[in-house]
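Read off the chains here:
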Amino acid sequence: MTDRFSSQEVIALTGVTARQLQWWDERGVVKPERVGHRRLYSIQNLTELAVICELRRKGFSLQGVRKVMRFLEREFGKGLAEIVGRGSDVHLLTDGKRLYLETSARQIVDILKNSNQPILGICLSDTVRQVRAEVVARKASTSVTSPTLRRRARKAS
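Residues numbered from 1 in each chain as written. Predicted model: local features only at pLDDT ≥ 70, side-chain atom pairs only at ≥ 80, totals over all residues. Heavy atoms only, no water.

### Focus: the overall build of the chain
Part 1 of the reasoning: Helix and strand content of the chain: 8 helices and 6 strands.
Part 2 of the reasoning: Written out in order from the N terminus, the α and β elements of the chain read β-α-α-β-β-α-α-α-β-β-α-β-α-α.
Part 3 of the reasoning: A burial count over the chain gives 38% of its 157 residues as buried.
Part 4 of the reasoning: Within the chain, residue pairs in contact and separated by at least 24 positions form 61% of the contacts whose partners lie at least 6 positions apart.
Part 5 of the reasoning: Put simply, the chain shows about 9600 Å² of open surface, and 49% of that area lies on carbon and sulfur atoms. (Helix = DSSP H or I, 4+ residues; strand = E, 2+ residues; numbered from the N terminus. Buried < 20%, exposed > 50% of the residue type's maximum accessible area, 1.4 Å probe, protein only. Contact = heavy atoms within 4.5 Å. Areas by Shrake-Rupley, 256 points an atom, 1.4 Å probe, with all protein chains shown as cover.)

Set out below in structure tokens:
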């Protein structure tokens, strides 16, 4: 997908506020493309935003979010959306000090058994799938231009 999304579309897709997007851009947490004064977000940016939102919901500080995002960038490079979306489940686990990236249920259980502290886990694959589903649903709802046809499409679904 090479689509670019405006700030308004990103807000609708992720539920973040315009101020959050601006602040995260200013702090370099998420770096959208710039066209004049407009920010345009790629599917990779949307994936990063979805992961950030999930981390914030789980109580991560901005400093913790940055640490996780740097870790994911080192592990995945710029291809988080592509690698996570390939069908296997990728889980991010942390005990507050260390970060683990696991794909095997057995590895996850081993980490949980051997930890002396509570472990927080996030399924990155689910987060990516949810963003993609939102994008597809949004495209489907905007591809029908007539209000009458749109109502019919909603009734049919």
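### A closer look at the sheet that holds strand S5 (residues 99–102)
Part 1 of the reasoning: Reading across from one edge, S5-S4-S6 is the order of the 3 strands in this open sheet, with antiparallel pairing throughout. With partners counted over all chains shown, the strands left at the sheet margins are S5 and strand S6 (120–123), one partner each. Strand-to-strand, the axes of this sheet are offset by a mean angle of 20°, without reference to chain direction.
Part 2 of the reasoning: Pairing analysis gives 4 bridges linking strand S4 (residues 91–94) to S5, with the strands arranged antiparallel. What sits directly across from Leu93, in S5, is Tyr100.
Part 3 of the reasoning: Contacts from helix H4 (residues 62–76) reach S4 and S5, with the element oriented near 40° to S5. (Pairing = 2+ DSSP bridges. Axes fitted to C-alpha atoms, helices over the stretch in contact; angles between N-to-C directions.)

### Re the sheet that holds strand S3 (residues 38–41)
Part 1 of the reasoning: Ordered by their spatial adjacency, 3 strands build an open sheet running S1-S3-S2, and the pairing between neighbours is antiparallel. Across the chains shown, the open sheet's two edge strands, defined by having one partner strand only, are strand S1 (5–6) and strand S2 (33–35).
Part 2 of the reasoning: As defined by bridge partners, S1 adjoins S3 across 2 bridges and the pair is classed as antiparallel. Across the sheet, the residue bridging to Phe5 is Tyr41, located in S3.

### A few points about the nonpolar core
Part 1 of the reasoning: Of all hydrophobic cores here, the largest spans 33 residues; its most connected members are Trp24, Leu46, Leu55, Leu72 and Leu124.
Part 2 of the reasoning: Contributing elements (two or more residues each) for this core: helix H1 (7–14), helix H2 (18–26), helix H3 (43–57), H4 and helix H7 (124–143).
Part 3 of the reasoning: Looking at this core, the element that brings in the most residues is H3, giving 8 residues.
Part 4 of the reasoning: Trp24 has contacts with Val16, Val29, Val30, Leu49, Ile52, Cys53 and Leu62, leaving out every residue within four places of it along the chain. (Core = buried A, V, L, I, M, F, W, Y, C linked by side-chain atoms within 4.5 Å.)

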